[in-house]
Amino acid sequence: MANAIRALAMDAVEQAQSGHPGMPMGMADVATVLFTRFLKYDPHHPNWPDRDRFVLSAGHGSMLLYALLHLTGYADMPMEELKRFRQLGSRTAGHPEREAAGGIETTTGPLGQGLGNAVGMALAERLLAERFGSALVDHRTYVIAGDGCLMEGISHEAISLAGHLGLNRLIVLWDDNRISIDGPTDLSVSDDQVARFAACGWATRAIDGHDPAAIETALEWAQGNDRPSLIACRTTIGYGAPKKAGTAASHGAPLGADEIAQTRTRIGWSHAPFVVPDDILSMWRQAGARGAGAYRAWSERHAKADATARGEFDRVMSGRLPDRFAQAIDDLKRALATEKPKLATRQSSQRAIEAIAPVMPELVGGSADLTGSNNTKGKGQAVVARGKFAGHYLHFGVREHGMVAALNGMALHGGVVPYGGTFLVFTDYCRPSIRLAALMHQRVILVMTHDSIGLGEDGPTHQPIEHLAALRAIPNLQVFRPADSVETAECWALALATADGPSVIALTRQSLPAVRLMHTADNLCARGGYVLAEADGKRQATLISTGSEVAIALDAQAKLKSHGIAAAVVSVPSHELFLKQPAAYRQQVLGAPGMLRVAIEAGVAMGWERMIGADGLFVGLSGFGASAPYADLYKHFGLTAEAVVAAVTQKIARGA
């Protein structure tokens, strides 16, 4: 059965003339024991909520997963797809892509990300088991990770968090083959990985990864542990290949026809390429059918569950927002329109969380050791800790990268809607995970505060300059930058209503005046941009801004009026949503062609050309910030109403 995996991996990589055959060949024995004796799954119901999750963190070895899915009978993975490995439009991409086929739980390839996702999946399982009980939620998360996964820094953040929380339903199978692309791993690393995991609170065991009995015993041991488990599986990369086994030559390139022929002889596999004999395929299909009984039993428990609890379980697993969500947002907006508070938008965000959390119990969030600064913890949110999974708030520690990878895993698991906070500048520390959330279309909310030079005295190391532009460049990522409390509530509503992608909500440290003074039932931010204050008279200029600079635009509008220039103020909390609007709407908001358009934002100009055109003006930053009180910084860098007025009047005078 294991040799079927090896043969399919060799054949697919050879036919594609691209790929990584060595890892699937080396981990075939481990995967065979896992999928035939331990993993709880049903190929006919790949989205069964209580299935075990299997994560191939070493995503370059994707043919291991594709072979397993084919052999166990997943409908999305017929032999034709294996023959189309790495070809345009196939389900068998070079690295696993979650939406390509049932049984692919997450998109992996960037090493260590899958391990981070798995921590989030294991955490989500514990949270849901606490809420709905073991009759509906009782499963494990298994990971195959490679040497490269454990070299990546994200691995330490992930295993440290999992150990701290005691996620005993998480089992990592480390492919300890001691080979990387450059050659033996001792060229670059000499860590004692088993000791590292043990130091992080994991149970650990080392085995021969080619001994089925040892693999089975280790998995039985891991299932009984009261903490996460690492099984170090000593393997030979390219197992069975006469010349390339145990070498980097089998890592990331086809073995070649001669080596494959000799490997077939050596492992006793006489069958033609892409042929699995009926008796072996039958054994695999029987293994795939193992979970049918468990699925039926779960379905019966689900049907017999309390109707209210069952309905709520089904709702959160579907990702549908609660019925009271819209009313909670409207009530908050009404209160804010009445109060007109002067708040930092990070504080406004906290008010939004406090309004939403009581009606949306699946909302679970935290911060990377900046709770008091990010304002991510609402009143009444209990803290999640080891053995205490009834809460809704997580202290992620200084682990930004691991945090967002775990949030992705929570979203992938389903049943929870995760959010996490840190400073906007530290999106640099978690950008790969943010990008993968966008690639996988996962609803993950990233609360990124201290969004400009407006954070003040902490200085240029902490002041984001290029970050808004860099985040807006990621496809399928919504970047919101609200201007006041009402816009913040609306942006939260939009982020939570977006089930097919992540959102960044960029928030200020400094207090901002209210700019939305009248209640509107409609979510004005939903179109990305809108006219906040129309020109008094025939419009001559449009001032376009986001976040903290909207108040500057309003001040400039008033000052321009005294110069006889009628300007409109447009708030654009989301570039992405605005640019999706029909051209007629965008022109209505921004002004007709030839209208002077002025963008005002405490960041770089990149991206604004899509709104202001070649003849527009940009009032913002082109270099790093400085350490000083924020008001002094705005004056120093020319981010003032006076600077806007000077730029506009000069431009109009030159045009006249």
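Residues numbered from 1 in each chain as written. Predicted model: local features only at pLDDT ≥ 70, side-chain atom pairs only at ≥ 80, totals over all residues. Heavy atoms only, no water.

Asks: Quick one: what's the story with the overall build of the chain, residue by residue and with numbers?
Replies: Helices and strands together make up the secondary structure of the chain, namely 27 helices and 20 strands. Against the globule reference of 26 Å for 656 residues, the chain gives a C-alpha radius of gyration of 27 Å, in line with a compact fold. Taken along the three principal axes of its C-alpha coordinates, the chain extends 90 × 55 × 45 Å. Every one of the 656 residues in the chain was classed for burial, and the buried ones make up 60%. Across the chain, contacts joining residues at least 24 apart in sequence account for 78% of those joining residues at least 6 apart. Total accessible area on the chain is roughly 24,000 Å²; 51% of this is exposed by carbon and sulfur atoms. Each charge class in the chain was averaged separately, 62 positive and 65 negative side chains, and the resulting centres sit 4 Å apart. (Helix = DSSP H or I, 4+ residues; strand = E, 2+ residues; numbered from the N terminus. Rg over C-alpha atoms; globule rule 2.2 N^0.38 Å. Buried < 20%, exposed > 50% of the residue type's maximum accessible area, 1.4 Å probe, protein only. Contact = heavy atoms within 4.5 Å. Areas by Shrake-Rupley, 256 points an atom, 1.4 Å probe, with all protein chains shown as cover. Lys, Arg positive; Asp, Glu negative; His and termini not counted. Charge placed at Lys NZ, Arg CZ, Asp CG, Glu CD.)

Asks: Give me the lowdown on unusual backbone geometry, citing residues and values where you can.
Replies: Look at F274: it is not a glycine, yet its phi comes out positive at around 65 degrees. Structurally, F274 is set in the loop between α11 (257-267) and α12 (278-289). Accessibility expressed as a relative area gives 9% for F274, which makes it buried. The phi angle at H441 is positive, at roughly 60 degrees, despite the residue not being glycine. Looking at where H441 falls in the secondary structure, it is placed in the loop between α19 (427-439) and β12 (445-449).

Asks: Go over the packing of aromatic side chains with me, naming the residues and quoting the values.
Replies: This model, assessed by the stated rule, comprises 13 aromatic pairs. A centroid spacing of 5.4 Å and a plane angle of 90 degrees characterise the contact between W48 and Y295, whose relative ring orientation is edge-to-face. Separated by 247 residues along the polypeptide, W48 in the loop between α3 (28-38) and β1 (53-56) and Y295 in helix α13 (residues 292-304) bring together distant segments of the chain. In textbook terms, an aromatic cluster arises when at least three aromatic residues are bridged by ring pairs, as seen for F35, Y41, F54 and Y74. (Phe/Tyr/Trp six-rings, centres within 6.5 Å; stacked < 30°, edge-to-face > 60°.)

Asks: Give a detailed account of the sheet that holds strand β13 (residues 478-480), specifying residues and quantitative values.
Replies: Taken in spatial order, the six strands make up an open sheet running β10-β9-β11-β12-β14-β13, and their pairing is parallel. Two strands lie at the open edges of the sheet, namely β10 (393-395) and β13, each paired on one side alone. Going from strand to strand, the sheet's axes swing by 20 degrees on average, the running direction of each strand aside. Pairing geometry for strand β9 (residues 363-367) and strand β11 (residues 417-423), over five bridges, is parallel. Within β11, the residue paired with V364 across the bridge is P418. (Pairing = 2+ DSSP bridges. Axes fitted to C-alpha atoms, helices over the stretch in contact; angles between N-to-C directions.)

Asks: Describe the pattern of salt bridges, with residues and values.
Replies: Enumeration over the complete set of coordinates arrives at 28 salt bridges. Across the salt bridge formed by D50 and K40, the nearest N and O atoms sit 3.0 Å from each other. Of this pair, D50 sits in the loop between α3 and β1 while K40 is found in the loop between α3 and β1, placing the two residues ten residues apart along the sequence. Neither D50 nor K40 differs from the other in exposure class; each is buried. One salt bridge in this structure joins D138 and R169, with 2.8 Å as the shortest N-O distance. A residue pair is termed long-range when its members are at least 10 positions apart, and D138 in the loop between α6 (113-132) and β2 (141-146) and R169 in the loop between α8 (153-165) and β3 (170-176) qualify at 31 residues. Connected via shared salt-bridge partners are D451, R472, R481, E549 and E601. (Salt bridge = Lys/Arg side-chain N within 4 Å of Asp/Glu carboxyl O.)

Asks: Describe in detail the environment of P43, supporting the description with residues and values.
Replies: With respect to the helices, strands and loops of the structure, P43 is situated in the loop between α3 and β1. The exposure class of P43 is buried, given its relative accessible area of 6%. When the C-alpha atoms of P43 and V589 are compared, they prove to be 51 Å apart, with 546 residues separating the residues in sequence. If sequence neighbours within four positions are ignored, P43 has contacts with T72, G73, Y74 and G288.

Asks: Explain the sheet that holds β3 to me, and be specific about the residues and the numbers.
Replies: Adjacent strands of a sheet form backbone hydrogen bonds with each other and so pair up, either parallel or antiparallel. Taken together, five strands build an open sheet; the order of strands is β1-β2-β3-β7-β6 and the sheet is parallel. Of all the strands in the sheet, just β1 and β6 (203-208) have a single pairing partner and so form its edges. Averaged over all pairs of adjacent strands, the angle between their axes in this sheet comes to 15 degrees, without regard to strand direction. Of the strands in this sheet, β1, β2 and β3 are in contact with α6, which crosses β2 at around 165 degrees.

Shape is all these values report; function is a separate question.
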